[in-house]
Amino acid sequence: PIIADNMSRDRFYILRNNLKLVDDNAASQEQKEDRFWKVRPMLDSVRSACLQNPRTKAVSIDEQIVPFHGHVKMRQYVKGKPNPVGLKNFVMATPGGIPLDFLMYEGKGKEITSAKCPTPEKLDVGGRVVLKLADSLPAATIVYMDRYFTSITLLDSLLCHRNILACGTIMISRLQKSILFKDDKDLRKEGRGSYDQVVRQDDKLALVKWFDNKPIYLASTEHGADPVENCRRWSKKENKYIQIPRPFVVKCYNANM
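Caption draft 1: Structural detail: the overall build of the protein. Scanning the protein from terminus to terminus reveals seven helices and 11 strands. Across its three principal directions, the C-alpha atoms of the protein cover 65 × 45 × 35 Å. Relative to its full complement of 257 residues, the protein shows a buried share of 40%. Taking contacts inside the protein between residues at least 6 apart in sequence as the whole, the part at least 24 apart equals 51%. Counting only carbon and sulfur atoms, one obtains 51% of the accessible surface of the protein, whose full area is about 15,700 Å². Taking the average location of the 42 positive side-chain charges in the protein and that of its 30 negative ones, the two points are 5 Å from each other.

Caption draft 2: Structural context of unusual backbone geometry. With an omega of 0°, the peptide bond between aspartate 226 and proline 227 qualifies as cis. Secondary-structure assignment places proline 227 in the loop between strand E9 (215-220) and strand E10 (229-235). Positive phi, normally seen in glycine, also occurs at alanine 140, with a value near 75°. Inspection of the secondary structure puts alanine 140 in the loop between helix H4 (125-133) and strand E5 (142-145). By relative accessible area, which is 31% here, alanine 140 ends up partly exposed. Look at asparagine 163: it is not a glycine, yet its phi comes out positive at around 55°. By secondary structure assignment, the location of asparagine 163 is in the loop between helix H5 (152-162) and strand E6 (165-169).

Caption draft 3: View of the pattern of salt bridges. Tallied over the entire structure, the rule returns 16 salt bridges. Between lysine 88 and glutamate 63 there is a salt bridge, and its shortest N-O distance comes to 3.5 Å. With lysine 88 in strand E3 (residues 85-93) and glutamate 63 in strand E1 (residues 58-67), this residue pair connects regions lying 25 residues apart in the sequence. With respect to burial, lysine 88 and glutamate 63 carry one shared label: buried. For glutamate 238, the salt bridge identified is with lysine 240, shortest N-O distance 3.8 Å. Overall, glutamate 238 belongs to the partly exposed group, its relative accessible area being 46%. A residue is classified by how much of its surface remains accessible, and lysine 240, at 44% relative accessible area, is partly exposed. When salt bridges with common partners are traced through the structure, they connect Glu63, Lys81 and Lys88 into a single cluster.

Caption draft 4: Structural view of the packing of H4 against H5. Contact geometry of H4 with H5 gives a least axis separation of 10 Å together with a crossing angle of 15°. Between H4 and H5, the angle is such that the two are roughly parallel. Relative to H5, the crossing made by H4 is right-handed. Taking contact as the criterion, the partners of Gly127, Val130 and Leu131 in H4 are, on H5, Leu154, Ser157 and Leu158. A class-by-class count of the residues in the contact of H4 with H5 yields four nonpolar, two polar and no charged.

Caption draft 5: Inspection of the packing of aromatic side chains at higher detail. Taken as a whole and judged by the stated rule, the model has seven aromatic pairs. When the ring of phenylalanine 90 is compared with that of tyrosine 105, the centres are 5.9 Å apart and the planes differ by 75°; the resulting orientation is edge-to-face. In this pair, phenylalanine 90 sits in strand E3 while tyrosine 105 sits in the loop between strand E4 (99-104) and H4, placing the two residues 15 residues apart along the sequence. Each member of the pair, phenylalanine 90 as well as tyrosine 105, carries the same accessibility label: buried. Here phenylalanine 90 and phenylalanine 149 contribute two aromatic rings whose centre-to-centre distance is 5.9 Å and whose plane-to-plane angle is 75°, an arrangement assigned as edge-to-face. Separated by 59 residues along the polypeptide, phenylalanine 90 in strand E3 and phenylalanine 149 in the loop between E5 and H5 bring together distant segments of the chain. Neither residue differs from the other here; phenylalanine 90 and phenylalanine 149 are each classed as buried. Aromatic ring contacts, followed pair by pair, group Phe90, Tyr105, Tyr148 and Phe149 into a single cluster. Looking at arginine 232, its charged tip hangs above the ring of tyrosine 241, at a distance of 3.9 Å from the centre.

Criteria and cut-off values
Here the residue index of a chain counts from 1 through its sequence in written order. Totals for whole chains, interfaces and linings use all residues, but because this is a predicted model, local features are given only for residues with pLDDT of at least 70 and pairs of side-chain atoms are given and counted only at 80 or more. Side-chain numbers here rest on the full set of heavy atoms in the structure, without hydrogens or water. In this description a helix means any DSSP run of H or I spanning at least four residues, a strand means any run of E spanning at least two, and both kinds are numbered starting from the N terminus. Only protein chains enter the accessibility calculation, which uses a 1.4 Å probe. A residue is then buried if its area is under 20% of the maximum for its type, exposed if over 50%, and partly exposed in between. Here, residues are in contact when the closest pair of their heavy atoms is within 4.5 Å. A 1.4 Å probe and the Shrake-Rupley method give the accessible areas. Residues count as covered only by the protein chains that appear here. Charge counting follows a simple rule: Lys and Arg are positive, Asp and Glu are negative, and His as well as the terminal groups are ignored. Where a charge lies is defined by one atom per residue type: Lys uses NZ, Arg uses CZ, Asp uses CG and Glu uses CD. Salt bridge, as used here, is a side-chain nitrogen of Lys or Arg placed within 4 Å of a carboxyl oxygen of Asp or Glu. Note on geometry: axes are C-alpha line fits, over the in-contact stretch for helices, and angles between N-to-C directions span 0 to 180 degrees. If an angle is under 35 degrees, it is roughly parallel; if it is over 145, roughly antiparallel; if it lies from 65 to 115, roughly perpendicular; otherwise it is oblique. Here is the rule for handedness: rotate from the far helix to the near one, and if that takes an anticlockwise turn smaller than a right angle the crossing is left-handed, while a clockwise turn gives right-handed. Put simply, Ala, Val, Leu, Ile, Met, Phe, Trp, Tyr, Cys and Pro go in the nonpolar bin, Asp, Glu, Lys and Arg in the charged bin, and everything else, Gly too, in the polar bin. Ring pairs shown here join Phe, Tyr and Trp side chains whose ring centres sit within 6.5 Å, with only the six-membered ring taken for Trp; geometry is labelled stacked below 30 degrees between planes, edge-to-face above 60, and tilted in between. Here, a charge over a ring is recorded when the distance from Lys NZ or Arg CZ to the ring centre is within 6 Å and its angle to the ring normal is within 35 degrees.

Laid out in structure tokens, this is it:
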């Protein structure tokens, strides 16, 4: 009301479209290398408030799209999102959804590096983002993420250099071929909810394959399959809810992600 009662809609749009957060003539060439330099003061202000939010034992990291159709290098198209066209924002939040930190993606050609952890050479963009956002986390925090971010290299880096634990779904293509799980046919015969687990020799990493409607792979430096509990799932075949076994790592991932 403070705006709507004091100016017309058209005047508001004119002011909004011409709003400046920085003086273009005073900005140095080094500042302009940042693709978000024109709105950086606003982003820094919001981020500083996010950094003041209390850190929880468990945090989650995911991506979101800020709807935007302007002609900028940072614009992305992400299929399957509610707003597929816009600016990609990587957000770290509590399980309850309170933002703790974020990183606006500048696009290809811009390096993302952590200030507290060396970046492995073969780590992809998703992994680099997690290392960067984890800079503001204390040791012993548990980070949950989806398969876009998760890799064995990332989990080892967080554990070895920062003593930060992690758990996430993982693509089968990111696992070594020497890691052998039970075949899909065998798990299907055992029934919905069956699983298989592989634990690394140092006991610091557990890989779990869980067969729900399809196989799901998870990697964790904090949780394993035990204790296994039952959970409720809808069965199309029986047209009702049924109880199926669920590994502990899946329960924790669903609760915190």
